[in-house]
Every structure is written in structure tokens, then in C-alpha cells.
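# Observations on chain architecture
Listed below, chain by chain, are the residues.
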Amino acid sequence: MGSPRDTSISEKHLVALGRTLQTIREEETTTGLVAVALSYLKSNFHYPFQWLGLYDRFQHALIGAAGITPNDSPVPLLNKALELQPGDIMEQVVIQQRPVGAPDLREEPRAGQWREIAQKLNIQGTIIFPIRYRNQCMGVAVFGSQVWGVTPQSEEKARLSMLLGELAAALYRIEEEQHRQQVKNPSEPLFNLLNRLRQLPHLQQRIEAVVEETQGFIELDRTSIYWFDPHRRCFQRRVSRQKGGRLTVEAAPVADIPVEDVRSFYQSLVADQVVAVGEAKSSLKADMTVKLMQIIQARSLLAAPILYQDQLLGFLSVEGNEGKIWTDLEKNYVRSAGQLIALTAPLETMEDTIQQIKLDQALSSEISRAIFNSDDWNATLKGCAEHVCQHLKVERFLVLLYDEDQENFELCYQHHPAGRKALPPSLDRLNQVDWQMLERSTEAVGIENLADDLKLMAWREPLLSANLQSLLVCSTAPAKPLEGVVVLGHESTRTWNRPERDVLRVVSQQIGLILHQWQLQRQTDHQQKMSDTLQWGLHAMQKISDPTQLEMSAVQNLANVMQVPLVALVTWEPGQKTARISASSISNNKFTLNTDRAIGVYTDPLMQWVLQTDGLLPMNRDELATETLTWLNGSGIGQVIGMALRTTDEYEPTGVLILGDRAERYWPERYLNTFSILVNQLAWVRRYMQLVQRLSIRRSELERLNWYKQRRLKEIYRMLGNNVKRLNDMLQQKDAPSGMRYQQTVRQLGEILSTLVPILKQEQWALQIEQTTIPLASLLRRALERVDPLIKQRQIWSQVHNEEALIIGGDIPKLEFVLYEVLAFACRRSPNNGRLDVWCRPLDANWLELSITDHGVLEPRLVEELYLGQPLDLLAPSTLDRPPGLHLAICQSLMKLMGCEFNLYILEDGRALSRLTIPISDNEL
């Protein structure tokens, strides 16, 4: 726990941040936003240099918005547009949208113009944060210090992230608002125009509405509609509106435009082309343009044809007294407005006829219009039900659709007076007699008194409980296979006459079309959803490389696809007798699992039944044994479906997937097929991952073993060579050598042979880690002696710094070989006459850090892959597939196996750093 002082400071920071964020949300200008943000930064973050720049994506530059400098030093460059150059540090922040730090901005090679600023202001440690919103960079925030290498604390990062995130959102909001104000959007006036046209009964009123809306949108001198007279072959103005004036309706032909005078204009309109005459250019020939503009008395014109079924009815024109360059937005709007007039024009001659039909038509015509004038099937059925119930004076209107999966009738729609009891959402399947009666009947079937009639026996109880006494029932497809049924219900007994039967027959057929299309669409949607989900599930499995993540993703995906509250994956290793629940998905607390209990693979009845079944095994809760219910113990589990993760008959299954749901759940065939496909795919992918993982681990172990044995053999070869040379020297001496020298040489040869015994007996196929000790000085001396030929060959100057009298613990031979490999690699990459430094630094009482620095060149990709590990794609080329990367990776894994660390780094001055962390023994030799 922190001190009260720390808590108080943190609370003050949060209060200040909260007030600033609220102010930012309320600010409406960019200048105000930047001022609020900078004021908070100055008060709460003690960086002598703070700068906020806004990103201009068109210029690809940072525009200085505000900032502070040490001692308020003036820097004119900060207030100008700083262009971003490829590869510089500012462009990296803008493009990658991630913070970047520079230990010393004055020496940063990628700083560009900022190096000059940093040198002038003596700025060293610098942090650059992006101001980003929805993957869009709005600017950057630069914080500089006059000390080397500054790093903000986690709490500071969190506050900066919230502040800059809210600032970016506010900047984005202002930018979007400015963009909306600058660009006219034709959709809103067109949408308003559609609403107005729908409410106006006459064509003349619609035309006037179009002219008024167009004049308001384009705002030029005049907007007119010219109607084409095919007999006189001319255009005459029908409606016109002046800028700032009232609408003018021409009562007589005024300003006629003969087709013979403007033939190319007429041909353009017939070809459904928008004609634009403006300041810069015209769509027409020069002579034709002059004639047209003289007739309409304007200098600019935008005209859109009014075409209906390839017949020109006229044109909509926007006219100006001055020259104008027409935009595509204006052209598109005028074209759309002209098309709207074309759609409504034919209604002018039909309005009287329609009015007469409305007066003469019967109920069936009203219902047909209700059905076909609505895209919403629910609204259609509502309108149809109201018409039928009002005309036939009945209380209930029911539409039922047969569900083949559930084998019952789904109540798609029901209409009843307020306060009446609603029927259940589904009704049972009809018996064979009633089914055939509705299928074979060519008209509606009437039931005067349901209580005394033997028809519809399966529905008698729910209908009578809803107080329905008399029914009129008709199939939605008379004399055809039964798909749906329409039922009219009355709360008292009555007789149904022929006209009433005919009305329901017509209505049922119309509704049948809707139900058929709706059912097809629902089936298509279900199939598409299953297909999409299946594709997504298969694709998701293929993208995952971790077995545990694969199992969790698979059960979650199955829960979504199958729409079940419980999915459990039970797995075991080949040869094991007990299994465990490795992954599960539970969306209902009544469907629980005992994940701590071990499950007998060969003793649990459910496991054995599933493993012995080729495919799916559905079971009810009553069929589950007591032993199974100890782990499958949810009270809501009414039935389960199990399937083994089996790839082929030759391979043993290593898992079982269990689905759990309520007892009354029905499983359509498409769900079970999808389940089988996903389980089979999971089995194959899981087996593949396990094989790859095992082979990768085994390969790594054998590479370590081979590397170690190779180094031991080289060392033994070197030692044997030295002793053989010594024996040869003794034999060549004139004086007989002493026996003691012979014994010493023989004893050394015996010690060399004894070192081979543990390798031959204990490390045949795997490395064994043994704990021994050695003085640090001896370890370094022996390692440097081995690389001495390389040092002399390349004339490298080497030195050990801060060497202390410490005892090193661990598997010394392996540590020695790793140290030799690192030193040898450093010598090979060092230039001739280079320098090699070994730094010793105890981290604490238990660990020592050995740092080896040289002036050699390290491949950045090698350093990155050593830090991140082998790429996920095992087939992708890697620097760790071949020496020296392979040997360094082996050294790294061997150090990790011994509980130590090894890493490579590239220092800021370009030197290479090899860092080893090895244990210090607390025992003396």
C-alpha cells in the first residue's frame, strides 16, 4: 500500500485530469482544445520542453499548435509547418501511431529538423506520443528533458493516454463537423422531397415541391420545369421560382423552346444526359448554346431530363444570370430530382381512375393493397388482419406456419382485441384426417361450434381456452401440400357464408405468398448464417497455433454455432487412464461442470459409449450414470450430445466433446452436420498441433544435445592433441624422460576419458544438468584461453573489467561452452585491431551479470529473433535456422534450461552487447 501522501497526490492528479477532460469535451474550437491540454500538461508534468503539433495529412506535415520551452526560449521553427521526411522519428510516430522515445534527441540520427531544435534548447531525453483516434493520427505531443534517457512512470503514461485520447476525439469531432459544413449533402433534401411527394395528392403540387426544394439546395437565380408538348414539338415553362421570389405557375405557354432551335439539347435530354452550360465550357455546340441561352435569358444552365419509359416528358432546369462552373454534386442532385418527377408524372392521368376504383372495389382489393404495399410482413399482416376482422366482424386473426424441424405449427402472427388472452407461440401437429382435409380443400373450411365439432382436435384445447367458439380455416395454398394456415376466430357460434369463405380464400393465398417467401428467406438466412459461422470457425482454427487457445476458441465457437448453454472438451494424453476438462463454455449457471474431478477414460460410462460410437451420441439425463453426473452435474442439463475427437480408425481418439442443453431442445439436422464438421476439424487441427509441438520440442532438445556433444568432442580432441604432442616431445628428448612426467601425462589422459563417462551413460538422448562450482577467474581464464587463437589472429585487444573473487555455481562445462561460443562469435564479428571488453557486475547476492561488448556488426534481424523467438511459421526463413544464429539460439535455450539468461543487444553507439546472467554459488570450493 502507498503512503497517504502518495494517495493524496494521486487523487489530486485524477481530479485535475477529470476537470480537464470535461473542459475538453465542452470546448468547440481547436485553439481552445490545445490551450486546455497544454495548461494541464504544464501544471502536472514537469518537462521543461512540451510541444503539441497537429498533423496535416494533405501536406504530410506537423503544424505547431502550442508549447513551452526551457526558459521560454523563442524557437520560430516550432510555430511553422514541419514537413515529415521518410524514415524520421516523427513520421514513425504518425504512421505507426505508437509512442517513441529518444535517449538524446540531439544525437538522434532520425530526428531531422528536431536535432537543431534539441541542440539549441539542450534537450536530451525525449518522448513522442501520437494523438490518435480510430486509427487516425490527429497530431503528436513531444515531451523533452534536459537529462539523458527519460522514461515516464506507469501512472503518468495512463494520465497522458487519457488526456491525449480525449484531445484526439475532440479534434476529430471538430474536423468532421467542419467537413460536414463545407460539403453539401444532397441526401437530406432528397429525403425531405420524397416525404413531401408521398403526402401530395396531385402532380402539380409535386412539381412545385421539387422546384422549391431544388431552388433551396442550389440557390441560383431561377429554377424551372419545362414540359414537353409532343404535338407542338416544343418545351413550355410549367413552373418557375425566382431567387428570393415566390413560386410562379405559368397559365399559358410562356418562353417556349422549339425543338428545331435546340436540336442537340433535345437529343441530349432524350439520351438521358444532364446538360450543363457554364462559365468554362458547355455540353452543347456553340451556336446551339447561344440560341438556348437567349431563349431562357440566362448565362448558365443545368438541365436534367424527365424521362419515363424512354419517353421525354420535359426537363428540370436551374438557371443563372452569371457564369458558373457546375459541380458533380449539383449535377447528381438535379438528375435525381428529375427522376423523382418522372416517377410521379404518370399518376396525373391515373388519379381519377384510382379514385373511382377505390369507391367501387370490395374488401379483397383492399386487402391486396395492404399486402403488396408494405415491405414489412408484420405490418402487412397487421393491416390485413384489421381489414378482415372489421369487415367480417370477427375477433381473432391467426397465421400459422408449419415447422418441419419441430413438427408443429408456429404462430407467426395473431391479432386479437386488447385484454384478450393470447394463444401459445406454437400449436401441435394436426392429425392425419385434419391434415388431409386442409390439403385437399379448395376453399375455406367453416366450423360453426368448435365444442361440438370433431375437426381440428389437436388445437381444440388452446382455442377453447382463448374463448374461440367458431372458426374459419383455410390453407395458404389450397389443394397443394400444406405449408401454412390462416384462422379466423369468433367468440360466439356463427354460420360462415360463401362470400366470407371466398374472402378468406383470397386473403390466405395472398398471405401464402408472403409466408412462402418469408420461410425461404429464413431458411436461406439460417443456411447462410451456418455457412458463415462454419467458415469463420474453420478459419479461426487454422489461424491459431497454440493448442490451449485452439481448445478455448473451439468450444466458444461451438457454443455460438449450436446455440447451447454448455460445451465441454474432455481430453487426455495417449495411454492415460484419466481425463480432464481442458476447455468449457457455460452461459447459464444451471449448466455447471466439476472441472476439478478426474474422469475415467475406460470407467466412465458416458466416455465409453461415446468412444464406441462412430459419430454423434445423443443421450437424455435419465440415461446418464451416477459416475458421469459427478462431473456433469448442472441441474439444468436435460440432454447431452457427445462426439469423440477421432481422425481416422488407425489413430486413437484423445478427446471427447460434450454439448449440454435442456431436455426439450430439438436438434435440426443442419446443426448436427455443422457440429460433426467442426468436431472433425478440431480433431485434425489439434492432432496436427500436438505433433508439431512435440516434434519441435524434440528437435530443439536434439539440437542442444548435438551442439553440446560436438563442443565436448572438440574440447577432448584439443586436450588429447596437447597430451599427444607432449608425449612426442618426451620421446624425442635425448635424455630419458622422468617417470613422473609420464605418469602426469597418463593421469591427464585418464581424466579426459573420465569426462566422457557421464556423456556416454547419462546424456545419450537428453542433456542432464549437474550442479558444480568454479571460481569466476578460472571460468574467464579458461574461456579466454580457448578464444586466444581468434584474438591473436584478428589482433583484438581484450580486457576483463571489475573481476571479483566470486564462486560460480551451475553446470560448469555447459556454462563454459556457452561463454566460449559467445566470445568466439564476438571475436569473429569484430574488426581487425578491434576491442573486446568483458564486464563483471554482481546483480545481487545470487546472480552475476557478464557483459561482453565489441565493435562488431550485429544483424538486427538476428537480435530481434533471438529476443522474440522462432517465427510462428516454421517454414519461413529465419536467422536461427543456420549458424551463427542456430548456435546462439541453442545457447539461449541451454541457459534457460539451467535457469540462466543470455541475450544480444545493439547499443546506441553501435557496439554489440552480449549479456549473460549466471548464478553465484554460496558455497566455497
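Residues numbered from 1 in each chain as written. Predicted model: local features only at pLDDT ≥ 70, side-chain atom pairs only at ≥ 80, totals over all residues. Heavy atoms only, no water.

### Examining the overall build of the chain
- Broken down by element type, the chain carries 26 helices and 32 strands.
- Across the 925 residues in the chain, those meeting the buried criterion constitute 46%.
- Taking contacts inside the chain between residues at least 6 apart in sequence as the whole, the part at least 24 apart equals 61%.
- About 49200 Å² of surface is accessible on the chain, with carbon and sulfur atoms providing 50% of the total. (Helix = DSSP H or I, 4+ residues; strand = E, 2+ residues; numbered from the N terminus. Buried < 20%, exposed > 50% of the residue type's maximum accessible area, 1.4 Å probe, protein only. Contact = heavy atoms within 4.5 Å. Areas by Shrake-Rupley, 256 points an atom, 1.4 Å probe, with all protein chains shown as cover.)

### Some remarks on the packing of helix 24 (residues 812-829) against helix 26 (residues 885-897)
- Where helix 24 meets helix 26, the closest approach of the two axes is 10 Å, and the angle between their N-to-C directions is 145°. You can see that helix 24 and helix 26 cross each other, and the crossing is left-handed. Residues Lys 814, Leu 815, Val 818, Glu 821 and Phe 825 of helix 24 lie in contact with helix 26, whose contacting residues are His 887, Leu 888, Cys 891, Leu 894 and Met 895.
- Its residues placed into classes, the contact of helix 24 with helix 26 shows seven nonpolar, one polar and two charged. (Axes fitted to C-alpha atoms, helices over the stretch in contact; angles between N-to-C directions. Left-handed = near helix turned anticlockwise from the far one by under 90°. Nonpolar A, V, L, I, M, F, W, Y, C, P; charged D, E, K, R; others polar.)

### Description of the pairing of strand 14 (residues 396-403)
- For strand 14, the tally of buried residues reaches eight of eight residues, placing the bulk of the element in the interior.
- Neither face of strand 14 is left uncovered, since the one carrying Arg 396, Leu 398, Leu 400 and Tyr 402 and the one carrying Phe 397, Val 399, Leu 401 and Asp 403 both have all their residues buried.
- Two elements, strand 14 and strand 19 (residues 484-490), share six bridges in a ladder whose sense is antiparallel. Opposite Arg 396, over in strand 19, you have Gly 489 as the bridge partner.
- Pairing of strand 14 with strand 15 (residues 408-415), which is carried by seven bridges, proceeds in the antiparallel orientation. Bridge pairing links Leu 398 to Gln 414 in strand 15.
- What sits between the antiparallel neighbours strand 14 and strand 15 is a turn of four residues, in which Glu 407 has the positive phi angle 60°. (Pairing = 2+ DSSP bridges.)

### Re helix 4 (residues 113-121)
- Taken together, the buried positions of helix 4 are occupied by Trp 114, Ile 117, Ala 118 and Leu 121. Projected down its long axis, helix 4 shows its buried positions confined to an angular sector of 100°, all on one face. Turned more than 90 degrees off the buried face of helix 4, the exposed positions are Glu 116 and Lys 120.
- Contacts made by the buried residues of helix 4 are with strand 1 (49-56), strand 3 (81-83), helix 3 (89-96) and strand 6 (136-144).
- Where helix 4 ends, the next residue or the one after it, Asn 122, has phi of about 60°, a positive value. (Arc of directions from axis to C-beta.)

### Remarks on the sheet that holds strand 30 (residues 847-854)
- In spatial order, the strands read 27-29-30-32-31; together these five strands make up an open sheet with mixed pairing. Edge positions in the open sheet fall to strand 27 (797-801) and strand 31 (901-906), since each of these has one partner strand only. With strand direction ignored, the average angle separating the axes of adjacent strands in the sheet is 15°.
- Of the pairings in the sheet, the one linking strand 27 to strand 29 (residues 835-842) comprises five bridges and is parallel in character. In the sheet register, Val 800 faces strand 29, and the bridge partner there is Val 838.
- Across the sheet, helix 26 touches strand 31 and strand 32 (912-919), and the angle it forms with strand 31 is around 135°.

### Section: the side chain of Glu 491
- You can see Glu 491 is positioned in the loop between strand 19 and helix 16 (498-543).
- Here the side chain of Glu 491 touches Arg 420 through a polar contact of 2.6 Å, side chain to side chain.
- Apart from the residues lying within four places of it in its own chain, the contact partners of Glu 491 are Glu 395, Arg 420, Asn 467 and Gln 469. (Polar contact = N/O pair within 3.5 Å; in protein donor to acceptor, adjacent residues only side chain to side chain.)

### A short note on the side chain of Asp 453
- Here Asp 453 is to be found in the loop between strand 17 (445-447) and helix 15 (460-465).
- With a relative accessible area of 17%, Asp 453 lands in the buried category.
- Those residues in contact with Asp 453, other than ones at most four positions away along the chain, are Ile 447 and Arg 460.

### Quick look at the nonpolar core
- Among the nonpolar cores identified, the biggest contains 51 residues, and Leu 848, Leu 850, Ile 852 and Met 895 are the most heavily contacted of them.
- Here this core takes 11 residues from helix 24, the largest share from any one element.
- Every residue in contact with Leu 848, bar those within four places of it in the chain, is listed here: Leu 776, Leu 806, Ile 808, Cys 840, Arg 841, Pro 842, Leu 843, Leu 916, Thr 917, Ile 918 and Ile 920. (Core = buried A, V, L, I, M, F, W, Y, C linked by side-chain atoms within 4.5 Å.)

### What about the packing of aromatic side chains?
- Taken as a whole, this structure holds 19 aromatic pairs when the rule is applied.
- A ring pair is formed by Phe 129 and Phe 143, whose centres lie 6.0 Å apart and whose planes are at 75°; its orientation type is edge-to-face. Separated by 14 residues along the polypeptide, Phe 129 in strand 5 (residues 126-133) and Phe 143 in strand 6 bring together distant segments of the chain. Comparing Phe 129 with Phe 143 shows no difference in burial state: the two are buried. (Phe/Tyr/Trp six-rings, centres within 6.5 Å; stacked < 30°, edge-to-face > 60°.)

### Regarding the packing of helix 7 (residues 203-218) against helix 10 (residues 328-344)
- Close contact between helix 7 and helix 10 brings their axes to 10 Å; oriented N to C, the two are set at 175°. Classed by the angle they form, the pair helix 7 and helix 10 counts as roughly antiparallel. Contacts between helix 7 and helix 10 pair Leu 203, Arg 206, Ile 207, Val 210, Glu 213, Thr 214, Phe 217 and Ile 218 from the former with Glu 330, Tyr 333, Val 334, Ala 337, Ile 341 and Thr 344 from the latter.
- Looking at the contact of helix 7 with helix 10 residue by residue, the class counts come to nine nonpolar, two polar and three charged. (Parallel < 35°, antiparallel > 145°, perpendicular 65-115°, else oblique.)

### Observations concerning unusual backbone geometry
- Between Pro 883 and Pro 884 the backbone carries a cis peptide bond, its omega angle lying at 5°.
- Summarising the element assignment, Pro 884 is placed in the loop between helix 25 (860-868) and helix 26.
- Phi is positive for Leu 456, which is not a glycine, with a value near 55°.
- Its place among the elements puts Leu 456 in the loop between strand 17 and helix 15.
- For Leu 456, a relative accessible area of 1% puts it in the buried group.

### Considerations on helix 13 (residues 377-392)
- Here helix 13 spans 22 Å end to end across 16 residues, near enough to the 22 Å set by a 1.5 Å rise per residue.
- When helix 13 is considered as a whole, its buried residues turn out to be Thr 380, Leu 381, Gly 383, Cys 384, Ala 385, Val 388, Cys 389 and Leu 392.
- Of the residues flanking the end of helix 13, it is Lys 393, one or two places downstream, whose phi is positive at about 55°. (Expected span 1.5 Å × (residues − 1).)

### Description of the sheet that holds strand 14
- Reading across from one edge, 16-15-14-19-18-17 is the order of the six strands in this open sheet, with antiparallel pairing throughout. Lying at the two open borders of the sheet, with one neighbouring strand each, are strand 16 (426-428) and strand 17. For this sheet, the mean inter-axis angle between neighbouring strands, taken without regard to orientation, is 25°.
- Bridging between strand 18 (residues 470-475) and strand 19 involves six bridges; their strand directions are antiparallel. When the bridges of strand 19 are listed, Ser 475 appears paired with Val 485.

### Here we look at the environment of Trp 609
- As for its placement among the helices and strands, Trp 609 is situated in helix 18 (residues 605-611).
- For Trp 609, a relative accessible area of 35% translates into the label partly exposed.
- Every residue in contact with Trp 609, bar those within four places of it in the chain, is listed here: Leu 617, Met 619 and Glu 623.

### What to know about the confidence of the model for the chain
- In this model, the chain carries a mean pLDDT of 82, and residues with pLDDT of at least 70 account for 87%.
- Here residues 1-5 scores under 50 on pLDDT; set against residues more than four positions off or in separate chains, the count is one contact.
- Taken together, the stretch residues 351-362 has pLDDT below 50 and engages in six contacts with residues farther than four places along the chain or on a different chain. (pLDDT = per-residue confidence, 0-100.)

### Description of the environment of Trp 326
- Mapped onto the elements, Trp 326 comes out in the loop between strand 13 (311-320) and helix 10.
- For Trp 326, a relative accessible area of 8% puts it in the buried group.
- C-alpha separation for the pair Trp 326 and Ser 300, spaced 26 residues apart in sequence, amounts to 9.0 Å.
- Leave out the neighbours within four places in its chain, and Trp 326 touches Ile 218, Leu 220, Ala 276, Val 277, Gly 278, Ser 300, Leu 301, Leu 302, Val 318 and Lys 331.
- A polar contact of 3.0 Å, which involves the side chain of Trp 326, links it to the backbone oxygen of Val 277.
- There is a polar contact of 3.2 Å between the side chain of Trp 326 and the backbone oxygen of Leu 301.

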